[in-house]
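# Residue-level structure breakdown
Read off the chains here:
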Amino acid sequence: MSAAETPEASPLAAVRGAMAAGRPADVLQASEAILATAADPAVVVEATAARASALTQVGRPGDAFALLRSARDQQKTAGRPAVAATLSVAESGLRTASGDLPAAISALIEAASDYGAAGHVADQIRAELQLVTAYLMASRPDNARQVMSGCLGAAQRLGDPGVLAEVRHQEGSLLLATGADPVASFDDGLRAADRSGSPVVRIQLRIDLGCALARQDAGR
């Protein structure tokens, strides 16, 4: 591995190190330096998200949200809707943590729309799965079911077993949360996960299916 490929050589190394150590002031300093010079959209997004998180930690949430929205608008103007969508997802996470579910939901709707505009269907579905969770947290199960139905149709059309497994897992979790039987969703999700080869999703679905079956078919 060359020096250019080592983690220490990354322009984000100082930001990541400060985040891991829980030093928001250092994150702010390092991210400011990066954002003053960075041109790589991936670097800009990670540094912006890190800076926004640090701003909330030091009691400046208004500045954090203004930063994320300004960066998002710049990326959309530059014709990079998928990058803008990633920033909207970051905003949603901070909004949720602050207890502002309506704003979190709006950010996720915007993220899903921008991923769709970019043709990033898998990312669009994943943003909508987060939207399902947000609707449940906001006690809006009908909205959650409607979005979930759209996610399932999109995942089936996409034909990616890994994405379908994620959707079926979320569908089962939604059914469980609303008092319905999740077994069929978890079962179908597990078959998709086995086709995908993703060990994390396969393990999670086996755990959830096992729990759902515990009172119905303990042997299985």
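Residues numbered from 1 in each chain as written. Predicted model: local features only at pLDDT ≥ 70, side-chain atom pairs only at ≥ 80, totals over all residues. Heavy atoms only, no water.

What follows concerns the confidence of the model for the protein. For the protein, per-residue confidence averages 92 on the pLDDT scale, and 95% of positions sit at 70 or higher. Contacts for the low-pLDDT stretch residues 1-5, under 50 throughout, to residues beyond four places or in other chains number three contacts. (pLDDT = per-residue confidence, 0-100. Contact = heavy atoms within 4.5 Å.)

Let us look at the pattern of salt bridges. For the structure shown, the criterion picks out 20 salt bridges. Glu91 serves as the salt-bridge partner of Arg95, at 3.2 Å between the closest nitrogen and oxygen. Residue Arg95 and its partner Glu91 are both found in helix 5 (residues 81-97); the two are separated by four residues, about one turn of the helix. Residue Glu91 is classed as buried on the basis of its relative accessible area of 2%. In this structure, Glu166 and Arg126 form a salt bridge, with 2.9 Å as the shortest nitrogen-oxygen distance. Of this pair, Glu166 sits in helix 9 (residues 161-177) while Arg126 sits in helix 7 (residues 121-137), placing them 40 residues apart in sequence. On the accessibility criterion, Glu166 (26% relative accessible area) is partly exposed. On the accessibility criterion, Arg126 (32% relative accessible area) is partly exposed. One continuous salt-bridge network, built from bridges that share partners, spans Arg69, Arg72, Asp73, Lys76, Glu91, Arg95, Asp100, Glu110 and Asp114. (Salt bridge = Lys/Arg side-chain N within 4 Å of Asp/Glu carboxyl O. Helix = DSSP H or I, 4+ residues; strand = E, 2+ residues; numbered from the N terminus. Buried < 20%, exposed > 50% of the residue type's maximum accessible area, 1.4 Å probe, protein only.)

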